[in-house]
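Notes for the structure review
Take a look at the letters that make up each chain.
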Number of protein chains: 2
Amino acid sequence: MKDRMRIGDLSERAGVTQRTVRYYEKMGLIPPGEREGNGQHYYTDETVARLRKIDQLKKLGLSLEEIRDVIDLYFMDPSGVQPKQKVLGILKQHLAETDQKIEGLQQFRTDLLNHIDRFEQWLKDAEQH
Amino acid sequence: MKDRMRIGDLSERAGVTQRTVRYYEKMGLIPPGEREGNGQHYYTDETVARLRKIDQLKKLGLSLEEIRDVIDLYFMDPSGVQPKQKVLGILKQHLAETDQKIEGLQQFRTDLLNHIDRFEQWLKDAEQH
DNA sequence: TCCAAACATGACGTTAACGTCGTGTTTATA
DNA sequence: TATAAACACGACGTTAACGTCATGTTTGGA
């Protein structure tokens with residue numbers, strides 16, 4: 001529950017490298033946090049959450065550019081957003097895409113099971129002399 | 001139903017570029033098909049099917065290297081394979097990975113639904129004056 | 001206060017999956 | 001048979017998403 005950590009702490013908690021943090025910062029995926037004149041950057045728990053969210057989205061196959069376009073939706077309360085309907089639209093579109101991907105994977109899974117069955121069947125047949 | 005096409009025909013049917021065909025050929029994803037001394041490569045309908053399968057697998061997030069390790073499984077009958085147990089192992093490992101991905105996606109889906117709910121709730125509350 | 005550990009920044013390197021170009025050969029059609 | 005279209009092959013280019021130095025500054029504990 002720290003609310004003022006530096007990059008080492010942050011990257012360790014989020015499970016990414018410092019290089020990645022700096023890269024995302026430059027790419028606009030996480031907000032910058034500099035302090036006065038010393039040059040060091042300070043981050044909060046929300047940054048950890050953002051990094052984890054980014055990781056999730058990456059695993060879904062989104063590029064960093066795509067993520068940058070939607071990441072903010074996950075970190076603002078609805079009362080602060082002006083074009084709420086638009087945001088809702090994007091979220092629903094993401095839901096549809098996710099369902100598509102799940103369906104594709106399940107189809108793939110079925111294919112895999114069929115192949116496994118075929119192999120096991122062959123092994124069993126060959127086994128009984 | 002051609003069984004002897006050249007690269008132009010092949011790439012058009014499979015919906016990939018000629019460069020991609022040559023790249024996959026060099027990477028061992030599709031079998032080479034040269035003819036005598038003329039230098040030109042000839043392909044069959046199966047190559048079209050392979051290219052389409054590769055595209056499917058790519059959309060699931062598999063790398064070309066991962067695909068190369070499994071693509072043959074879709075295009076040979078089990079009776080022709082020597083190390084059947086090994087192949088079975090690979091298939092089962094892919095099954096496990098697929099299950100992992102599906103689980104991740106479903107978690108993400110749940111998150112999405114929660115966010116959507118929050119937005120819709122807010123809109124409904126704001127609506128009644 | 002001193003000094004090792006942590007941080008900042010710039011620059012060059014790396015991998016995957018192709019794109020693009022140049023040049024030379026093969027095929028197919030008028 | 002001539003010649004444009006298709007093909008082969010090598011080589012260099014490109015983008016994303018970082019990794020890996022190198023070098024200089026800041027922090028925090030003995």
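Details of the structure are given in the entry above.
What this report covers is the structure whose coordinates are included nearby. (Residues numbered from 1 in each chain as written. Chains lettered and ligands numbered in written order. Predicted model: local features only at pLDDT ≥ 70, side-chain atom pairs only at ≥ 80, totals over all residues. Heavy atoms only, no water.)

Two copies of a chain can be linked by a rotation about an axis combined with a shift along that same axis. With an RMSD of 1.1 Å, chain B superimposes on chain A once it is rotated by 179° and translated 0.1 Å along the axis. In short, the pair behaves as if placed about a two-fold rotation axis. A shared interface surface links the copies, since 97% of the contact residues of chain B are contact residues in chain A too. (Least-squares fit on C-alpha atoms with pLDDT ≥ 70 in both. Contact = heavy atoms within 4.5 Å.)

Turning our eyes to something else, we now look at the protein's contact with DNA strand C. Taken together, 19 residues lie near DNA strand C, and Arg22 and His41 of chain A together with Thr17, Tyr24 and Lys58 of chain B sit nearest. Sugar and phosphate atoms represent 76% of those atoms of DNA strand C found within 4 Å of the protein. Here leucine 64 of chain B contributes a backbone N or O atom positioned 3.1 Å from a phosphate oxygen of DNA strand C. At the level of elements, α1 (7–14) and α2 (18–27) of chain A together with α2 (18–27) of chain B are the ones that each hand at least two residues to the surface near DNA strand C. Tallying contributions element by element places α2 of chain B first for the surface near DNA strand C, with four residues. When grouped by side-chain class, the residues that make up the surface near DNA strand C number four nonpolar, ten polar and five charged. (Near = heavy atom within 4 Å. Polar contact = N/O pair within 3.5 Å; in protein donor to acceptor, adjacent residues only side chain to side chain. Helix = DSSP H or I, 4+ residues; strand = E, 2+ residues; numbered from the N terminus. Nonpolar A, V, L, I, M, F, W, Y, C, P; charged D, E, K, R; others polar.)

Time to look at the packing of aromatic side chains. A complete count under the given rule lists two aromatic pairs over all chains for this structure. An angle of 45° between the planes, with centres 6.3 Å apart, marks the rings of tyrosine 23 of chain A and tyrosine 24 of chain A as tilted. Of note, arginine 4 of chain A hangs over the ring of tyrosine 42 of chain A, and the distance from its end group to the ring centre comes to 4.1 Å. Across the ring face of tyrosine 74 of chain B, the terminal group of lysine 53 of chain B is positioned such that the distance to the ring centre comes to 4.4 Å. (Phe/Tyr/Trp six-rings, centres within 6.5 Å; stacked < 30°, edge-to-face > 60°. Lys NZ or Arg CZ within 6 Å of the ring centre and 35° of its normal.)

Another aspect to go through is the protein's contact with DNA strand D. Of all residues adjacent to DNA strand D, which total 20 residues, the nearest are Thr17, Tyr24 and Asn38 of chain A together with Arg22 and His41 of chain B. Atoms of DNA strand D within 4 Å of the protein: sugar and phosphate make up 76%, bases the balance. Here a phosphate oxygen of DNA strand D and a side-chain polar atom of arginine 22 of chain B are 2.7 Å apart. At four residues, α2 of chain A tops the list of elements feeding residues into the surface near DNA strand D.

The next thing to look at is the pattern of salt bridges. All names here are of chain A. Under the defined criterion, the tally for this structure stands at 14 salt bridges over all chains. As a salt-bridge pair, arginine 13 and aspartate 45 come within 3.3 Å of each other at their nearest N and O atoms. One end of the pair, arginine 13, is in helix α1; the other, aspartate 45, is in helix α3 (residues 45–59), and 32 residues separate them in sequence. With a relative accessible area of 27%, aspartate 45 lands in the partly exposed category. The structure contains a network of salt bridges with shared partners spanning Asp9, Arg13 and Asp45. (Salt bridge = Lys/Arg side-chain N within 4 Å of Asp/Glu carboxyl O. Buried < 20%, exposed > 50% of the residue type's maximum accessible area, 1.4 Å probe, protein only.)

A separate point is the packing of helix α1 (residues 7–14) of chain B against α2 of chain B. Residues and elements named next belong to chain B. Where α1 contacts α2, the two axes come as close as 9 Å, and the packing angle between them is 100°. Put simply, α1 runs roughly perpendicular to α2. Contacts between α1 and α2 involve Ile7, Gly8, Leu10 and Ser11 on the former and, on the latter, Gln18, Val21 and Arg22. Here the contact of α1 with α2 is built from residues that sort into three nonpolar, three polar and one charged. (Axes fitted to C-alpha atoms, helices over the stretch in contact; angles between N-to-C directions. Parallel < 35°, antiparallel > 145°, perpendicular 65-115°, else oblique.)

Looking at soluble globular proteins, one finds that nonpolar side chains tend to be buried together. Leu51 of chain A together with Leu51 of chain B are the most contacted members of the largest nonpolar core, which has 63 residues in total. In terms of residue count, helix α5 (residues 84–127) of chain A provides more of this core than any other element does, eleven residues in total. Contact partners of leucine 51 of chain B, with chain neighbours within four places excluded, come to Leu10, Ala14, Val16, Val21, Tyr24 and Ile30 of chain B. (Core = buried A, V, L, I, M, F, W, Y, C linked by side-chain atoms within 4.5 Å.)

Moving on, we come to the packing of α1 of chain B against helix α3 (residues 45–59) of chain B. Residues and elements named next belong to chain B. In contact at an axis separation of 9 Å, α1 and α3 are set at 40° when each is read in the N-to-C sense. Viewed along their axes, α1 and α3 adopt a mutual orientation that is oblique. The way α1 lies across α3 gives a crossing that is right-handed. When α1 is examined against α3, the residues Leu10, Arg13 and Ala14 are found in contact with a partner set consisting of Asp45, Thr47, Val48, Leu51 and Arg52. Broken down by class, the residue content of the contact of α1 with α3 amounts to four nonpolar, one polar and three charged. (Left-handed = near helix turned anticlockwise from the far one by under 90°.)

Here the focus is the side chain of histidine 94 of chain B. Note on placement: histidine 94 of chain B falls in helix α5 (residues 84–127). If sequence neighbours within four positions are ignored, histidine 94 of chain B has contacts with Leu112 of chain A together with Leu62, Glu66 and Val70 of chain B.

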